[in-house]
Amino acid sequence: SAKSFIQFGMMAQLDYNQLKMPGDHINAAGNQVTYPLQGLTSAGYGGGFNLAIGNNVLFLETGMIYSSKSFNPGRSFTLGESIDQSNVEFEAMRMQMISVPLQLRYHFERQGRLKAYAIAGFGLHFIAQSDIDLDVDYNFGSLVDGEDPSEVPELARTIRQTQIVSDGFKKKGSFSSHSLISANLGAGLEYAMPDQKMIFLQTTYQYQIPNLRFSNHNGKHLLTVSLQAGVRTPLGA
């Protein structure tokens, strides 16, 4: 049909993510550790809805999708002598994102109840929450029972240096901007039900557009492949 109508859909999502973590240098108490560029991978999940307007061949769609991702940088730093040591371990980066796509969906000729389509467009992604898990472990073997390490000059200095390293990990792990823009490309299949509902399965590739002035992330770069399944229904035909 050439007549335009609005379509509403609900979906669940599984995704595979790669976060490119830039190389880094940490200095404390005369020690230096160099961390190489890393490609951190993570499986994630989410769900949401979309709205589209079109004519059974070409749709313009948008919506809102929530997703949760967790990455393990595997970076650590040890301070102190063998008997009095502290260790800082960068265990995890967790992100909860809200994504708003704006993309075109083009449908090819239907084969019975089955129809294939292609997707192209952009996505605006907001980092709703970003948490960093650090494990700080003090092992002061020279400390006697009941003694306050902050009252021992050498141990107090180690504690201060440990805090500097922890703050450095947090700063490098955080996102300086809470939004990013991606280029989206994908393909899918939908199956027509007798009541005009459409069951669909689609995959999309999202490539974060780098080096945007308003969306800088300390060199971090996110790539995502999503598998989405759900149902669409026309709101007017």
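Note that this is a predicted model, so its numbers are computed, not measured.

## Overview of the overall build of the protein chain
1) Next: Within the protein chain, the secondary structure is distributed over one helix and eleven strands.
2) Next: Along the chain direction, N to C, the helices and strands of the protein chain fall in the order β-β-β-β-β-β-β-β-α-β-β-β.
3) Next: Scaling as 2.2 N^0.38, a compact globule of 237 residues should have a C-alpha radius of gyration of about 18 Å, whereas the protein chain reaches 24 Å, well beyond that.
4) Next: Counting only C-alpha atoms, the protein chain reaches 80 × 35 × 25 Å along its principal axes.
5) Next: The burial tally for the protein chain puts 38% of its 237 residues in the buried class.
6) Next: Relative to all contacts within the protein chain whose residues are 6 or more apart in sequence, the contacts with residues 24 or more apart total 72%.
7) Next: Of the accessible surface of the protein chain, which amounts to about 12,600 Å², a share of 58% is contributed by carbon and sulfur atoms.
8) Next: Counting 18 positive and 20 negative side-chain charges, the protein chain places the centres of these two groups 20 Å from one another.

## Here's the deal with the pairing of strand 8 (residues 114-140)
1) Next: Relative to strand 8, strand 7 (residues 84-107) runs antiparallel, the two being bridged by 23 bridges. Bridge pairing in strand 8 places Pro 101 opposite Gly 123.
2) Next: One ladder, built from 13 bridges, connects strand 8 with strand 9 (residues 179-192); its direction is antiparallel. Bridged to Ala 118 within strand 9 is Ala 187.

## Some points on a negative patch on the surface
1) Next: Residues Glu 89, Glu 91, Asp 135 and Asp 137 make up a contiguous surface patch of negative charge.
2) Next: Elements represented by at least two residues in the negative patch include exactly strand 7 and strand 8.
3) Next: You can see Glu 91 is positioned in strand 7.
4) Next: The exposure class of Glu 91 is partly exposed, given its relative accessible area of 35%.

## Remarks on the pattern of salt bridges
1) Next: Evaluated as defined, the whole model comprises five salt bridges.
2) Next: The partner of Asp 195 in a salt bridge is Lys 197, with the nearest N and O atoms 3.5 Å apart.
3) Next: Owing to a relative accessible area of 35%, Lys 197 belongs among the partly exposed residues under this scheme.

## Describing the nonpolar core
1) Next: Of all hydrophobic cores here, the largest spans 20 residues; its most connected members are Leu 19, Phe 77, Met 95, Val 165 and Phe 169.
2) Next: Sequence-distant contacts of Met 95, defined by excluding residues within four places in its chain, comprise Ser 67, Ser 68, Lys 69, Phe 71, Ile 127, Gln 129, Ser 130, Phe 175 and Leu 222.
3) Next: Membership of the second largest hydrophobic core comes to five residues, among which are Met 11, Ile 65, Ile 119 and Phe 200.

## Description of unusual backbone geometry
1) Next: Positive phi is not limited to glycine here, since Asn 56 has a value of about 75°.
2) Next: Along the chain, the position of Asn 56 falls in the loop between strand 4 (38-54) and strand 5 (58-71).
3) Next: Given the relative accessible area of 25%, Asn 56 is considered partly exposed.
4) Next: One non-glycine residue, Gln 196, adopts positive backbone phi at about 75°.
5) Next: Among the structural elements, Gln 196 can be located in the loop between strand 9 and strand 10 (198-208).

## Points about the side chain of Asn 184
1) Next: Checked against the element boundaries, Asn 184 lands in strand 9.
2) Next: A relative accessible area of 7% places Asn 184 in the buried class.
3) Next: A distance of 3.3 Å separates a polar atom in the side chain of Asn 184 from a polar atom in the side chain of Gln 103.

## What to know about the confidence of the model for the protein chain
1) Next: Taken as a whole, the protein chain shows an average pLDDT of 87; of its residues, 95% reach a score of 70 or greater.
2) Next: Taken element by element, the protein chain is modelled with least confidence in strand 2 (residues 24-28), mean pLDDT 78, and with most confidence in strand 10, mean pLDDT 95.

Definitions and cut-offs
- Residues numbered from 1 in each chain as written.
- Predicted model: local features only at pLDDT ≥ 70, side-chain atom pairs only at ≥ 80, totals over all residues.
- Heavy atoms only, no water.
- Helix = DSSP H or I, 4+ residues; strand = E, 2+ residues; numbered from the N terminus.
- Rg over C-alpha atoms; globule rule 2.2 N^0.38 Å.
- Buried < 20%, exposed > 50% of the residue type's maximum accessible area, 1.4 Å probe, protein only.
- Contact = heavy atoms within 4.5 Å.
- Areas by Shrake-Rupley, 256 points an atom, 1.4 Å probe, with all protein chains shown as cover.
- Lys, Arg positive; Asp, Glu negative; His and termini not counted.
- Charge placed at Lys NZ, Arg CZ, Asp CG, Glu CD.
- Pairing = 2+ DSSP bridges.
- Patch = residues over 30% accessible without salt bridge, like charges linked within 9 Å, V, L, I, M, F, W, Y side chains within 5 Å.
- Salt bridge = Lys/Arg side-chain N within 4 Å of Asp/Glu carboxyl O.
- Core = buried A, V, L, I, M, F, W, Y, C linked by side-chain atoms within 4.5 Å.
- Polar contact = N/O pair within 3.5 Å; in protein donor to acceptor, adjacent residues only side chain to side chain.
- pLDDT = per-residue confidence, 0-100.

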